[in-house]
Protein chains: 2
Amino acid sequence: MDTNQPAIGRVFHALGDATRRAIVEKLSEGPASASRLAEPLGISLAAVVQHLQILEEASLVRTEKLGRVRTCSVHPAGLQMAAQWIADRRTLWERRLDRLADLLAESPPPEDETHEPEWLG
Amino acid sequence: MDTNQPAIGRVFHALGDATRRAIVEKLSEGPASASRLAEPLGISLAAVVQHLQILEEASLVRTEKLGRVRTCSVHPAGLQMAAQWIADRRTLWERRLDRLADLLAESPPPEDETHEPEWLG
DNA sequence: AAAATGGTGAAGCATACACTTGACTGTAGG
DNA sequence: CCTACAGTCAAGTGTATGCTTCACCATTTT
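Residues numbered from 1 in each chain as written. Chains lettered and ligands numbered in written order. Predicted model: local features only at pLDDT ≥ 70, side-chain atom pairs only at ≥ 80, totals over all residues. Heavy atoms only, no water.

Some points on the interface of chain B and chain A
Here is the rule we go by: Contacts are assigned to residue pairs that have any heavy atoms within 4.5 Å of one another. Throughout, buried area stands for the accessible area (probe radius 1.4 Å) lost by two parts on being put together, summed over both. Counting of polar contacts relies on pairs of N or O atoms within 3.5 Å, with two restrictions inside protein: one atom must be capable of donating a hydrogen and the other of accepting it, and residues adjacent in sequence are counted only when both atoms are side-chain atoms. Segments assigned H or I by DSSP are reported as helices when at least four residues long, segments assigned E as strands when at least two residues long, and all are numbered from the N terminus.
Taken together, the contacts link 38 residues of chain B with 38 residues of chain A. Here chain B and chain A share an interface that buries about 3,400 Å² over both sides, 66% of which is from carbon and sulfur atoms. Taken together, chain B and chain A are joined by six residue pairs in polar contact (both at pLDDT 80 or more). At the level of elements, α1 (7–15), α2 (18–28), β3 (69–74) and α5 (76–106) of chain B are the ones that each hand at least two residues to the side of chain B that touches chain A. At 12 residues, the largest contribution of residues to the side of chain B that touches chain A is made by α5 of chain B.

Here you go:
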């Protein structure tokens, strides 16, 4: 779709790829260089670096180049954003269920003339 | 990549699309029919249904057909899985930082002959 | 019954994506 | 200096994705 997505979109898109998740998982255990990340993945270094770029743009990974080696580590910001988005949805959804429960509990079958529940209209 | 991804992959991939996130956001406020979801999105009904299929396969949305209308609602399982994966990464990563802090605190500069930190080798 | 509504299925299309390869650049070491 | 290493750049390739359109089916509504 759009390469110019909002931040949260970049995060989810980045995590949607198995290889990139594998990279994040590896980096959760500690920093590593690009070529070291490539080893167990069975793909070319160039491909790994492309993934790293995407992960970096999603604030999921931070990389720093010292000498000729680029060292990568996890960057909490991206995961934080994803967690927040999920938490927000969950809050909204639970709040709605609570309201619904309240209505059903407080008012026993009120003379409801509507043909559909209001949340469908 | 692979269309036959593990569950967590399907979840993140599903949430990587702005339109699908919009659908989940809408459904967080309450159930809705497919055509009702399509209205504000500015795309065809067919496209929306395709998105719904993906969301359903990712356990992010549940749909039920009554009469000729398919009613959709959020399904917590998908969000739960995503939240769990994130939490797991975060735990691992924090645990590692703690260990590192412990090492630095307990042992003041020990005669370290290595040229690189062990986690890079 | 006829028309409208809500949805399904399949084909087609343009773009995005994950990779590869090959040519190059900069940094270490022998 | 010269070779090896770690990474970068730029094409190029096959497949997946998001979307459309059109034909078609099943339920309402009039």
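Here we look at the packing of α2 of chain B against helix α4 (residues 45–57) of chain B
All names here are of chain B. The criterion, for reference: Angular values range over 0 to 180 degrees, each being the angle between N-to-C directions of two axes fitted as lines to C-alpha atoms, with helices fitted over their stretch in contact. Note that the term roughly parallel is reserved for angles under 35 degrees, roughly antiparallel for angles over 145, roughly perpendicular for angles of 65 to 115, and oblique for everything else. Three residue categories are used. Nonpolar comprises Ala, Val, Leu, Ile, Met, Phe, Trp, Tyr, Cys and Pro, charged comprises Asp, Glu, Lys and Arg, and polar comprises the others, including Gly.
At a minimum axis distance of 10 Å, the contact between α2 and α4 shows a crossing angle of 75°. Between α2 and α4, the interaxial angle falls into the category roughly perpendicular. Across the interface between the two elements, T19, R20, I23 and V24 of α2 pack against V48, H51, L52, I54 and L55 of α4. Its residues assigned to classes, the contact of α2 with α4 shows six nonpolar, two polar and one charged.

Details of the packing of aromatic side chains
Note the threshold: Put simply, two rings from Phe, Tyr or Trp (the six-membered ring, in Trp's case) pair if the centres are within 6.5 Å, and we call them stacked under 30 degrees between planes, edge-to-face over 60, tilted for the rest. Accessibility here uses a 1.4 Å probe with only protein chains present; expressed as a share of the type maximum, an area under 20% marks a residue as buried, one over 50% as exposed, and anything in between as partly exposed. Put simply, a charge is over a ring when the Lys NZ or the Arg CZ is close to the ring centre, within 6 Å, and near the line of the ring normal, within 35 degrees.
Summed over all chains, the structure comprises three aromatic pairs over all chains. Ring geometry for F12 of chain A versus W85 of chain A: centroids 5.5 Å apart, planes at 75°, classification edge-to-face. Placement of F12 of chain A in helix α1 (residues 7–15) and of W85 of chain A in helix α5 (residues 76–106) is noted, with a sequence separation of 73 residues between them. For the residue pair F12 of chain A and W85 of chain A, the accessibility class agrees, reading buried in each case. Clustering of aromatic rings is evident, with ring pairs tying together F12 and W85 of chain A together with F12 and W85 of chain B. A cation sits over an aromatic face here: R89 of chain A above W85 of chain A, 5.1 Å from the ring centre.

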